[in-house]
2 protein chains.
Amino acid sequence: MTYCIAASIDEGLILVSDSRTNAGIDNVSTHGKMHAFDTHNDRKIVLLCAGNLATTQAVLEQLHRDKIKGAGINFNTVECLSEAAEYLGHISVEKQNQHKNTEGQSAFNASATFILAGQIGNEPHGAYMVYAEGNYITTSANTTFLQIGESKYGKPILDRFLKLDTSIDEAARCCLVSMDSTIRSNASVGPPVEMLIYRTNSFSLADYYCFDDDNDYMLQLRRSWENKLREAIGALPPLEPSFTKRMRVNL
Amino acid sequence: MTYCIAASIDEGLILVSDSRTNAGIDNVSTHGKMHAFDTHNDRKIVLLCAGNLATTQAVLEQLHRDKIKGAGINFNTVECLSEAAEYLGHISVEKQNQHKNTEGQSAFNASATFILAGQIGNEPHGAYMVYAEGNYITTSANTTFLQIGESKYGKPILDRFLKLDTSIDEAARCCLVSMDSTIRSNASVGPPVEMLIYRTNSFSLADYYCFDDDNDYMLQLRRSWENKLREAIGALPPLEPSFTKRMRVNL
């Protein structure tokens, strides 16, 4: 499986992805899922990928080839992120369909999901989730983040904390905690963890991190988080005897 | 859906359950999922239920009828919790099979999962998860809790915090946070929240709570938790510029 997060807040974008892929529990390997495109200087486009690895690689290759060829629609010619998302959805469905209906492979699943994030020209930064069906959604003031893959373990901390006006540094650490919790609770999500902090209008990918399993910073983050959680549980209001009710014993 | 937790630690058991059931998104109702049996004084047996409501109700009824009838195996005659779990598994499979193969209902799912917890005679307290197939598992020193239903949202906090020697009051608050996080992140899990704290060798169900949506204690708990999480994120070690790496832009 996979876990990727894209948060889109006032100050910019935070993208975080794990690197574990598996085709069955005994066939685990490591592939980065965050991919940056070498585009014109007026834009930055980054993809996060989940799902069938052959499909996501075929899609990335096709996007690259379209861009090299230059003619027709490609990441250098799209005028806004939603157009990029629509184009990506089209390519994705095409690649999935090439392998979907092979005879005698009923358990085979070619589907893939993407997050496309970045900034184009004078448009604001943004993030889009492109479903396997090729349709797509973006964030809103109420829900500032998108997730693909094993999204449930890491959702509560994002739900409770991430707002439009959260500072980008705190939002980044919140996303790292969300990733660390998922890695700890689900063996199909694993390091290295990649993170890109994109500050709006910077058109720079310089604030990029790649944390291995034994990375000092990640160990510190995990230790600090676990200590603070213990404190937080210790500080929760105590249950009073007066709160108890009579339990119905009717069976 | 459903979310139920059973933690089995040195000091005793904590059982927590939500009360939302739904047959489709437009058919939501409220049913308690924690059920205590009126058994002989040498034992306490409590069930938590997830899955098809008709199945779980049929199973509870059958367990009750077997106990009233008195002959043969029932919750008054089983000599230990694993025997009780095996008996429950048998009844569960029987009830599921009665409805499983009805013609023309391919989307219909009669399956149900249970947690059976309590204490019998001189045996230690314990908790068992009974799968839809009727087989069952219990907790261990490494994994002190069982979950049924929407288990992923609330798992990280239990994974990070619950140990055999955690105090039962802190463990109870930790389980409530796990439930509150799940309710906040998933609309198919909802109040009232029931909680039973069973202290080992007490053979008492007096430490029972039922929290409605607008319960003052739950509101305090949520507020305290969110404040402390904000503090915890603020206290995480900062990302230093020296941690950044060069991002590969190869597409």
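Thresholds, definitions, all that
- Residues numbered from 1 in each chain as written.
- Chains lettered and ligands numbered in written order.
- Predicted model: local features only at pLDDT ≥ 70, side-chain atom pairs only at ≥ 80, totals over all residues.
- Heavy atoms only, no water.
- Helix = DSSP H or I, 4+ residues; strand = E, 2+ residues; numbered from the N terminus.
- Buried < 20%, exposed > 50% of the residue type's maximum accessible area, 1.4 Å probe, protein only.
- Pairing = 2+ DSSP bridges.
- Expected span 1.5 Å × (residues − 1).
- Contact = heavy atoms within 4.5 Å.
- Polar contact = N/O pair within 3.5 Å; in protein donor to acceptor, adjacent residues only side chain to side chain.
- 1 Å grid on protein atoms, 1.4 Å probe; cavity = no way out; pocket = protein on both sides within 12 Å on 5 of 7 lines; lining within 4 Å.
- Points joined across faces, edges and corners; volume = space filled by probe spheres on them.
- Nonpolar A, V, L, I, M, F, W, Y, C, P; charged D, E, K, R; others polar.
- Axes fitted to C-alpha atoms, helices over the stretch in contact; angles between N-to-C directions.

An unreviewed UniProt entry annotates chain A as Proteasome-type protease originating from Crenothrix polyspora.

## Focus: unusual backbone geometry
Residues and elements named next belong to chain A. Residue Pro191 is joined to Pro192 through a cis peptide bond whose omega torsion reads -5°. Positive phi, normally seen in glycine, also occurs at Phe203, with a value near 45°. The topology assignment puts Phe203 in the loop between β11 (193-199) and β12 (208-211).

## As for the pairing of strand β7 (residues 112-120) of chain B
Residue and element names in this part refer to chain B. The buried fraction of β7 amounts to eight of the nine residues, a majority that puts the element mostly inside the structure. Where strand β6 (residues 43-51) lies against β7, nine bridges are found, and the strand directions are antiparallel. When the sheet's bridge partners are listed, Lys44 is paired in β7 with Gln119. Summarising the sheet, β7 and strand β8 (residues 126-130) pair through five bridges and their orientation is antiparallel. By the bridge assignment for β8, Gly118 is matched with Gly126. In textbook terms, the turn of a hairpin is the stretch between consecutive antiparallel strands, and for β7 and β8 this stretch comprises five residues, one of which, Gly121, has a positive phi near 55°.

## Brief notes about helix α5 (residues 216-234) of chain A
Its 19 residues give α5 of chain A an end-to-end C-alpha distance of 27 Å, which sits within 8% of 27 Å, the value for a rise of 1.5 Å per residue. For α5 of chain A, the secondary structure elements touched by its buried residues are α3 (155-161), α4 (168-185) and β12 of chain A together with α3 (155-161), α4 (168-185) and α5 (216-234) of chain B. Structurally, the start of α5 of chain A carries an N-cap: the backbone nitrogen of Tyr217 of chain A is 2.8 Å from a side-chain oxygen of Asn215 of chain A.

## Quick word on the layout of surface pockets
Residues and elements named next belong to chain A. As a volume, the largest pocket reaches approximately 850 Å³. Within the residue set of the lining of the largest pocket, elements represented by two or more residues are β3 (20-22), β5 (34-36), β6 (43-51), α1 (53-69) and β12. If one sorts the elements of the lining of the largest pocket by residue count, α1 sits on top with five residues. Its residues placed into classes, the lining of the largest pocket shows 13 nonpolar, 16 polar and six charged. Reported here for the second largest pocket is a volume of approximately 600 Å³.

## Some points on the environment of Gln57 of chain A
All names here are of chain A. Assignment of secondary structure puts Gln57 in helix α1. Classification of Gln57 by relative accessible area gives partly exposed; the value is 40%. Separated by 24 residues in the primary sequence, Gln57 and Lys33 have C-alpha atoms spaced 9.9 Å apart.

## Remarks on the side chain of Ser181 of chain B
In this structure, Ser181 of chain B sits in helix α4. Looking at Ser181 of chain B, its side chain comes within polar contact range of the side chain of Arg160 of chain A, at 2.7 Å. Excluding its chain neighbours within four sequence positions, the residues that come into contact with Ser181 of chain B are Pro156 and Arg160 of chain A.

## Quick word on the environment of Tyr209 of chain A
Tracing the chain through its elements places Tyr209 of chain A in strand β12. Assessed through its relative accessible area of 4%, Tyr209 of chain A is described here as buried. C-alpha of Tyr209 of chain A to C-alpha of Met195 of chain A: the two residues are 14 residues apart in sequence and 5.1 Å apart in space. If sequence neighbours within four positions are ignored, Tyr209 of chain A has contacts with Val193, Glu194, Met195 and Ile197 of chain A together with Leu239, Glu240, Phe243 and Thr244 of chain B.

## A short note on the sheet that holds strand β12 (residues 208-211) of chain B
Sheet strands pair by backbone hydrogen bonding; their relative direction is either parallel or antiparallel. Residue and element names in this part refer to chain B. Strand order in the open sheet made by the five strands is β10-β1-β2-β11-β12, with antiparallel pairing throughout. Two strands close off the open sheet at either side, each with one partner strand: β10 (145-149) and β12. Averaged over all adjacent pairs, the angle separating strand axes in this sheet is 10°, with direction ignored. Pairing between strand β1 (residues 3-9) and β10: five bridges, direction antiparallel.

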